[in-house]
Amino acid sequence: MEEGKYYRTELGTLQGGILSPILANIYLHYILDLWFERIVKRRTIGFAQLVRYADDFIIFFQSAKEAEAFGKDLRDRLGKFGLRIAEDKSRIIKFGRYPWLKAQKQCNRIATFDFLGFTHYCDKTRRGKFKLGRKTSKAKFRQKMKTMNQWLKDVRNLVELKLW
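These notes cover the structure that comes with them. (Residues numbered from 1 in each chain as written. Predicted model: local features only at pLDDT ≥ 70, side-chain atom pairs only at ≥ 80, totals over all residues. Heavy atoms only, no water.)

**Quick word on the nonpolar core**
Where we set the bar: Nonpolar cores were defined as sets of buried Ala, Val, Leu, Ile, Met, Phe, Trp, Tyr and Cys residues, with membership established by side-chain atoms within 4.5 Å. When accessible area is computed with a 1.4 Å probe and restricted to protein chains, residues below 20% of their type maximum are described as buried, those above 50% as exposed, and intermediate ones as partly exposed. The secondary structure listing takes helices from DSSP runs of H or I that are at least 4 residues long and strands from runs of E that are at least 2 residues long, numbered from the N terminus. It only takes one pair of heavy atoms within 4.5 Å for two residues to be counted as in contact.
Counting 15 residues, the largest nonpolar core has Phe-36, Phe-61, Phe-70 and Leu-74 as its most contacted members. Elements with a contribution of two residues or more to this core: α1 (19-43), β1 (48-53), β2 (56-61) and α2 (64-80). At six residues, the largest contribution of residues to this core is made by α1. Excluding residues that lie within four positions of it along the chain, Leu-74 makes contacts with Leu-32, Trp-35, Phe-57 and Ile-85.

Written as structure tokens, this is what we have:
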């Protein structure tokens with residue numbers, strides 16, 4: 001429905017409907033999750049892991065060379081099924097314990113990444129060991145603050161004070 005009028009369609013599901021995310025998860029399970037576990041992970045020499053939530057995912061590789069090769073394979077794989085990667089949101093970064101240790105020795109900062117509304121960064125414990133740090137993404141925080149400020153503007157004059 002658009003602007004109160006019903007339009008019959010032959011393809012797709014309703015955007016924002018209940019069925020759309022369920023079908024997307026089933027589709028991605030077969031074309032991404034199983035492919036990664038059964039084929040890609042077995043070909044890699046080092047550590048490799050896929051973390052996916054709905055259509056957002058992060059893939060970790062121990063080797064930069066394997067990560068770059070996977071990027072090309074992933075584009076080909078998704079292209080076969082009519083999907084594509086959002087290039088503006090995709091990148092390969094060095095992240096984790098070893099890049100962090102190297103960056104600390106050279107007094108450099110290591111890259112961060114946003115996933116599911118959080119910014120993930122390399123941090124250290126009180127004893128100086130590596131740990132993964134998470135904080136609310138600046139973009140998400142700004143968006144929520146804007147929404148809250150608008151709500152406050154809308155309700156600030158609704159309450160009548162009765163002083164007796």
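**Some thoughts on the layout of surface pockets**
The criterion, for reference: Using only the protein atoms, space was sampled on a 1 Å grid; points where a 1.4 Å probe fits but cannot get out form cavities, open sets with protein on both sides within 12 Å along at least five of seven lines form pockets, and lining residues are those with an atom within 4 Å of a point. Grid points are joined across faces, edges and corners, and a volume is the space filled by probe spheres set on the points. Residues were grouped as follows: Ala, Val, Leu, Ile, Met, Phe, Trp, Tyr, Cys and Pro as nonpolar; Asp, Glu, Lys and Arg as charged; and all remaining residues, including Gly, as polar.
Within this model, the largest pocket holds a volume of roughly 2000 Å³. Residue lining of the largest pocket: 47 residues in total, with Phe-57, Ile-58, Ile-59, Arg-91 and Ile-92 positioned closest to the centre. Those elements that place two or more of their residues in the lining of the largest pocket are α1, β2, α2, α3 (97-105), β3 (113-115) and β5 (130-136). Grouping the amino acids of the lining of the largest pocket by side-chain chemistry returns 29 nonpolar, seven polar and eleven charged.

**Comments concerning the sheet that holds β5**
Here is the rule: Strands are treated as partners if at least two bridges between them are detected by DSSP. Comment: axis = line fitted to C-alpha atoms, over the contacting stretch for helices; angle = value between 0 and 180 degrees taken between N-to-C directions.
Pairing within the open sheet is antiparallel, and its three strands lie in the order β3-β4-β5. Bordering the open sheet on either side are β3 and β5, each of which pairs with just one other strand. For this sheet the average axis-to-axis angle between neighbouring strands, irrespective of direction, equals 40°. Alignment of β3 against strand β4 (residues 118-124), held across three bridges, turns out to be antiparallel.

**Section: α1**
Heads up, the rule is: Between the first and last residue of a helix there are one fewer steps than residues, each counted as 1.5 Å, and that sum is the expected span. One axis fitted to the seven residues ending at a residue, another fitted to the seven starting there: the angle between these axes is the bend at that residue.
Counted at 1.5 Å a residue, the expected span for α1 with its 25 residues is 36 Å, and the 35 Å between its end C-alpha atoms agrees. In the structure, α1 departs most strongly from a straight axis at Phe-36, where the bend amounts to approximately 50°. Restricting attention to buried positions, one finds in α1 the residues Leu-28, Ile-31, Leu-32, Asp-33, Leu-34, Trp-35, Phe-36 and Val-40. In the core, the buried residues of α1 are packed alongside β1, β2 and α2.

**Brief notes about the pairing of β2**
Sheet topology note: the β1/β2 ladder contains six bridges and is antiparallel. When the sheet's bridge partners are listed, Leu-50 is paired in β2 with Ile-59. Where β1 hands over to β2, the hairpin turn is made up of two residues, of which Ala-54 adopts a positive phi near 55°.

**Quick notes on α2**
What counts here: N or O atoms closer than or at 3.5 Å make up a polar contact, with two conditions inside protein: a donor-capable atom paired with an acceptor-capable one, and, for residues adjacent in sequence, both atoms drawn from side chains.
Helix length check: α2, at 17 residues, gives a terminal C-alpha distance of 25 Å against a target of 24 Å (1.5 Å per residue), a fit within 8%. Each element contacted by the buried residues of α2 is listed here: α1 and β2. At the N-terminal end of α2, a side-chain oxygen is found 3.3 Å from the backbone nitrogen of Lys-65, two or three residues along, and the residue is Ser-63. Of the residues trailing α2, Gly-82 is marked for its positive phi of about 80°.

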